[in-house]
Structure formats: C-alpha cells, structure tokens
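Read off the chains here:
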Amino acid sequence: MEVYTVEKTDKTITLGFADEDPTIIELLIKMLSDDKNVAMVRYINHHPELSDSMLHVEVGKGKPEDAVKKASKAITAYFSTVKQ
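In this report, the structure presented in the accompanying data block is examined. These numbers come from a predicted model, not from an experiment.

A short note on the pairing of strand S4 (residues 53-59)
Summarising burial for S4: 6 of the 7 residues are buried, a large majority. Sheet topology note: the strand S3 (residues 38-44)/S4 ladder contains 6 bridges and is antiparallel. By the bridge assignment for S4, Ile44 is matched with Met54.

Right under this line is the structure:
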C-alpha cells in the first residue's frame, strides 16, 4: 500500500492510498478517532478504478501529521503483540 500526501494545511492533512488495505485504514481511522486532539476523520472512497481512496484528518490541537504518526505507531504496537 502506497501512502502519499494529497493536501496539507496547518490543521488538516489529506492522505491518498494506492492499492489500499481496508483493514489498515479501518484501524487508522479508529486510532485517529480515539485521539482527543483530532477533530474529524473522514474516509473518502470513490470508484476504485478512477481514483485512490483518501483519508482527511483535521486536528483541533497540534499538527495533523503528528496525529497520523501517533496513530500509525499505535497500530504497529498493536500488531507487534500478535504471536505466531
């Protein structure tokens, strides 16, 4: 899954996902929604053959990229506890 920045402001970031994995995106949305500094998380999914899915994050406090990094680290920590 390739992740890229579509648009960024001081309080928002929109990420694009090429060849997205819905499981990871759902977890990312959950972790971002649980963050008290995140004001809004919106998943944008158009026709898969016409455009990539996007995730729009708006923060009330802090930087939006920091919220995404924090959520990503929480997902990594979650999966690191899975035993084989």
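Past the structure itself, the notes keep going.
Let's talk about the packing of helix H1 (residues 22-34) against helix H2 (residues 64-80)
Relative placement of two packed helices is described by the angle separating their axes and the distance separating the axes. Running from N to C, H1 and H2 cross one another at 120 degrees; their axes reach a closest spacing of 9 Å. With respect to each other, H1 and H2 are oriented oblique. Pair H1 / H2 crosses with right-handed handedness. Residues Ile24, Leu27, Leu28, Met31 and Leu32 of H1 touch H2, and the partners they reach there are Ala67, Val68, Ala71, Ser72, Ala74, Ile75 and Phe79. Residue composition of the contact of H1 with H2, grouped by class: 11 nonpolar, 1 polar and no charged.

What counts, and where the lines are drawn
Residues numbered from 1 in each chain as written. Predicted model: local features only at pLDDT ≥ 70, side-chain atom pairs only at ≥ 80, totals over all residues. Heavy atoms only, no water. Buried < 20%, exposed > 50% of the residue type's maximum accessible area, 1.4 Å probe, protein only. Helix = DSSP H or I, 4+ residues; strand = E, 2+ residues; numbered from the N terminus. Pairing = 2+ DSSP bridges. Axes fitted to C-alpha atoms, helices over the stretch in contact; angles between N-to-C directions. Parallel < 35°, antiparallel > 145°, perpendicular 65-115°, else oblique. Left-handed = near helix turned anticlockwise from the far one by under 90°. Contact = heavy atoms within 4.5 Å. Nonpolar A, V, L, I, M, F, W, Y, C, P; charged D, E, K, R; others polar.

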